[in-house]
Amino acid sequence: MDSSESSFTRLSLPGSPEEGSPEDGSPEETPEHVRQEIKRYEAFCNALNQDLMKLQMAKEAVEQRTRELRKEGELLKQETLSNIGEEVAVVLAEQNSLKHERQILKKKLEEVKKRVLWEDPARVLPALPEKNMVFKGLMASKEDMNKLMLIPRIHYPLLGGSALITFEKAEVAQRILEMKEHVVELSCGEELDRCRVRVQAAPVDLLLPSALEMGLTQSSRSILVSDLPILSIPEEALLDKLELFFSKTKNGGGEVESREFLDDSGQVMLTFAEDGVAEQLIERGHIQFFIGKEKYEVKISPCISGNITNLQLQPSCCPRTVLLTGIPDVLDEESMRDALEIHFQKGSRGGGEVDALDYVPLGQVGVAVFTEDAD
């Protein structure tokens with residue numbers, strides 16, 4: 001895998017999210033109960049912060065007092081500094097204890113927040129970025145107009161010092177996960193004690209869409225032009241020719257207000273200045289236009305825009321893929337990849353046939369692309 005974020009590796013995930021859904025960590029807890037826990041921990045953290053500030057002020061006061069006492073006689077300074085030092089030591093000990101306790105509570109708070117997201121995926125939706133998408137496909141009947149099939153394509157960040165390994169059989173991945181920690185032997189000559197590394201195995205959990213609802217609106221002044229010819233001319237030149245053709249009334253067109261090349265679909269969206277022009281062209285379905293002396297036939301379709309009104313997500317665990325972490329930077333990329341694959345395909349170590357493996361060295365970042373399982 002390359003060091004840039006544009007490097008990808010294709011791995012498989014289950015056909016249906018239900019097959020790999022991880023068990024809830026606390027079945028008896030409800031999202032409301034967890035949210036109450038979060039509020040309680042946040043209040044506790046605020047109280048600790050206030051105590052910490054008070055202790056800091058007390059420490060500063062003690063230190064100021066110490067500086068004043070140093071100006072006094074040697075005898076008084078020796079007698080007093082002993083007591084002051086003890087007070088400072090007690091304050092510092094309490095301060096360190098509170099800092100440690102605060103770190104523990106902060107860690108617990110993060111764990112609770114993660115658990116809430118898995119138990120109530122709808123809380124993730126406000127954080128999703130806006131993205132324009134082009135939907136394309138074929139409709140066999142009118143009933144298909146209200147149906148939409150989702151094919152997941154999920155980008156999974158892969159940090160340095162980790163690897164993703166996909167086995168041919170799900171039971172092999174399950175055995176590797178149950179063992180959790182694995183000792184991998186490396187080819188480093190005769191110094192066997194220094195040629196072993198410990199890596200941790202963790203499941204790959206994803207949030208997959210389980211339901212999608214959209215509000216659709218057909219534009220009264222826009223059309224989609226598809227089946228465009230593949231020509232050795234710039235896109236702007238092709239847009240100019242289309243605008244010129246469809247702006248003429250003898251071709252059934254009118255004044256073109258805007259044009260846009262949709263990269264995701266290879267189609268062109270034309271928007272006319274007046275209503276009625278788009279409707280007449282859509283009724284024709286196909287139209288022939290000339291580029292030079294060559295004649296081409298293009299397809300005219302309605303332009304339908306929509307917004308996602310409801311998106312439901314469901315946690316899913318990849319049954320055949322395992323995340324390996326804690327991999328040190330002791331071998332070059334290719335050698336480490338080979339060593340990992342050799343280790344995890346051995347049945348004596350709980351492994352099996354490896355379908356795919358990719359490794360990202362420390363200091364680099366990669367992205368794995370999960371798509372629908374072809375089986």
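Residues numbered from 1 in each chain as written. Predicted model: local features only at pLDDT ≥ 70, side-chain atom pairs only at ≥ 80, totals over all residues. Heavy atoms only, no water.

A. A look at the overall build of the protein. Each helix and strand counted, the protein has 6 helices and 11 strands in total. A total of 375 residues make up the protein; the buried ones form 34% of that total. Accessible surface, the protein as shown: approximately 24,100 Å² in total, 49% of it carbon and sulfur. (Helix = DSSP H or I, 4+ residues; strand = E, 2+ residues; numbered from the N terminus. Buried < 20%, exposed > 50% of the residue type's maximum accessible area, 1.4 Å probe, protein only. Areas by Shrake-Rupley, 256 points an atom, 1.4 Å probe, with all protein chains shown as cover.)

B. Summary view of the pattern of salt bridges. Counted according to the given criterion, the structure contains 11 salt bridges. Across the pair arginine 320 and aspartate 355 runs a salt bridge whose closest N-O atoms are separated by 3.7 Å. Taken as a pair, arginine 320 in strand β9 (residues 294–325) and aspartate 355 in strand β10 (residues 354–360) lie far apart in primary sequence, 35 residues in all. For arginine 320, a relative accessible area of 13% translates into the label buried. The network of salt bridges with common partners includes Glu236, Asp240, Glu243 and Arg259. (Salt bridge = Lys/Arg side-chain N within 4 Å of Asp/Glu carboxyl O.)

C. Here's a closer look at the packing of aromatic side chains. Applying the stated criterion to the full structure yields 4 aromatic pairs. An angle of 80 degrees between the planes, with centres 5.6 Å apart, marks the rings of tyrosine 156 and phenylalanine 370 as edge-to-face. Of this pair, tyrosine 156 sits in strand β2 (residues 153–159) while phenylalanine 370 sits in strand β11 (residues 365–372), and the two are 214 residues apart along the sequence. Centre to centre, the rings of phenylalanine 245 and phenylalanine 246 are 5.1 Å apart; their planes meet at 85 degrees, and the pair counts as edge-to-face. Each member of the pair, phenylalanine 245 together with phenylalanine 246, is buried. Members of the aromatic cluster, joined through ring pairs, are Phe245, Phe246, Phe289 and Tyr296. Above the ring of tyrosine 41, the side-chain terminus of arginine 40 is found at 5.1 Å from the ring centroid. (Phe/Tyr/Trp six-rings, centres within 6.5 Å; stacked < 30°, edge-to-face > 60°. Lys NZ or Arg CZ within 6 Å of the ring centre and 35° of its normal.)

D. Highlighting unusual backbone geometry. Phi is positive for lysine 180, close to 65 degrees, though the residue is something other than glycine. Position of lysine 180 among the secondary structure elements: in the loop between α3 (170–179) and β4 (181–185). Judged by relative accessible area, which is 57%, lysine 180 ranks as exposed. The backbone of aspartate 227 shows a phi angle near 55 degrees, a positive value even though the residue is not glycine. Structurally, aspartate 227 is set in the loop between β5 (196–226) and α4 (235–246). With relative accessibility at 52%, the residue aspartate 227 sits in the exposed group.

E. How the structure looks around the environment of valine 367. Relative to the helices and strands, valine 367 resides in strand β11. On the accessibility criterion, valine 367 (10% relative accessible area) is buried. As a C-alpha pair, valine 367 and leucine 159 span 208 residues in sequence and 8.4 Å in three-dimensional space.

F. Representation of the confidence of the model for the protein in the model. A residue-level look at the protein finds 74% of positions with pLDDT of 70 or above and a mean pLDDT of 78. When pLDDT is averaged over each element of the protein, strand β7 (residues 267–272) comes out on top at 92 and strand β1 (residues 10–13) at the bottom at 44. (pLDDT = per-residue confidence, 0-100.)

G. Local environment of the side chain of threonine 271. Within the fold, threonine 271 resides in strand β7. Under the relative-accessibility criterion, threonine 271 is labelled buried at 11%.

H. Seen up close, the nonpolar core. Ranked by size, the top nonpolar core spans 24 residues in total, and within it Phe167, Val322 and Phe344 carry the most contacts. For this core, the elements supplying multiple residues, two or more each, are β3 (162–167), α3, β5, β9, α6 (333–344) and β10. Those residues in contact with phenylalanine 344, other than ones at most four positions away along the chain, are Ile165, Phe167, Ile176, His182, Val184, Val199, Leu324, Gly351, Gly352 and Val354. (Core = buried A, V, L, I, M, F, W, Y, C linked by side-chain atoms within 4.5 Å. Contact = heavy atoms within 4.5 Å.)

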